[in-house]
Amino acid sequence: MIWQLDILILFIVVLCALAAITVKDLLSSAILLGAYSFLMCLLWTEMGAVDVAFTEAAVGAGISTAFFFGAIFVTTRRTKD
Amino acid sequence: MINRFEDVIIQTICRLLVPPIQLFALYVIAHGHYSPGGGFQGGCILAASFILLVIAYDLKEASKRMSEKINIMYCCIGVIIYSGIGLLCVILGSNYLDYGILNSIIPVEPAAARSLGILGVEIGVGIAVMAVMVSIFINIASGGEHGESEELE
């Protein structure tokens, strides 16, 4: 466990989460959420929880991003608010 | 949603990528009981390979390979494998999903019977998760009209 790497990844995770809820374009929001999931996966691997990291990579960054894309393509791409 | 979009590069790359992804998913399922991974993750990766096919081609082309009826059948088969192994342990006179008792019908040690029982359960979970994930994606992507349009044609 390297604490410098921990701090760096944690900083980017917070940045990605803030960007995902502020951006107006829903497609970029979904991509940012995928990046957030992948960085969480890195964080968990770095902390030694490999099984949780595997689940996060398969479900968070893989499947749920595809679900968000499917939902965006049948609704609207821009938020109203 | 997903209309036919002809692009030789995307279609060829996706078609070449699908078998390695499925092989990796089977590896994750098969090694799930003693290393990171398991039925849920492997099933998600299997579903991702199918979703890649839907995105690269379209819904109709993907339905030719796995129609919605077969998909629902896979979902039920997965749940039956899982609960069947669990109930087999109850029938043989132990607790639900207590695989140690399985050595009375398989000629192996109790520890190996436990390992094999967990492997069977992981396979069941993998099949069920794959079918449900593909079903959710197809229903979201087609706006819930996939099965109905199939019946009209």
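Our subject is the structure that appears above.
From a predicted model like this one, the values you see are computed outputs, not experimental measurements. (Residues numbered from 1 in each chain as written. Chains lettered and ligands numbered in written order. Predicted model: local features only at pLDDT ≥ 70, side-chain atom pairs only at ≥ 80, totals over all residues. Heavy atoms only, no water.)

Novice: What should I look at first to understand the packing of aromatic side chains in this one?
Specialist: For any pair of aromatic rings, the description rests on two quantities: the centre-to-centre distance and the angle between the ring planes. Across all of its chains, the model carries 2 aromatic pairs over all chains by this definition. A centroid spacing of 6.4 Å and a plane angle of 10° characterise the contact between Phe54 of chain A and Phe24 of chain B, whose relative ring orientation is stacked. In this pair, Phe54 of chain A sits in helix H3 (residues 50-74) while Phe24 of chain B sits in helix H1 (residues 8-30), so the two residues belong to two different chains. Take Phe24 of chain B: its relative accessible area is 41%, and that puts it in the partly exposed class. Relative to Phe137 of chain B, the ring of Phe67 of chain A has its centre 6.4 Å away and its plane inclined at 20°; by these criteria the two rings are stacked. Residue Phe67 of chain A is found in helix H3, and its partner Phe137 of chain B is found in helix H5 (residues 110-141); the two belong to separate chains. You'll find Phe67 of chain A and Phe137 of chain B in the same group, each marked buried. (Phe/Tyr/Trp six-rings, centres within 6.5 Å; stacked < 30°, edge-to-face > 60°. Helix = DSSP H or I, 4+ residues; strand = E, 2+ residues; numbered from the N terminus. Buried < 20%, exposed > 50% of the residue type's maximum accessible area, 1.4 Å probe, protein only.)

Novice: I would appreciate a short explanation of the pattern of salt bridges in the present structure.
Specialist: Oppositely charged side chains may form a pair once their charged atoms are brought near each other. Evaluated as defined, the whole model comprises 2 salt bridges over all chains. For Arg77 of chain A, the salt bridge identified is with Asp25 of chain A, shortest N-O distance 3.0 Å. Of this pair, Arg77 of chain A sits in the segment after H3 while Asp25 of chain A sits in the loop between helix H1 (3-22) and helix H2 (26-47), placing them 52 residues apart in sequence. Overall, the relative accessible area of 46% leaves Arg77 of chain A in the partly exposed class. For Asp25 of chain A, a relative accessible area of 14% corresponds to the buried category. One salt bridge in this structure joins Arg114 of chain B and Asp98 of chain B, with 3.2 Å as the shortest N-O distance. One end of the pair, Arg114 of chain B, is in helix H5; the other, Asp98 of chain B, is in the loop between helix H4 (68-91) and H5, with 16 residues separating them in the sequence. With a relative accessible area of 41%, Arg114 of chain B lands in the partly exposed category. (Salt bridge = Lys/Arg side-chain N within 4 Å of Asp/Glu carboxyl O.)

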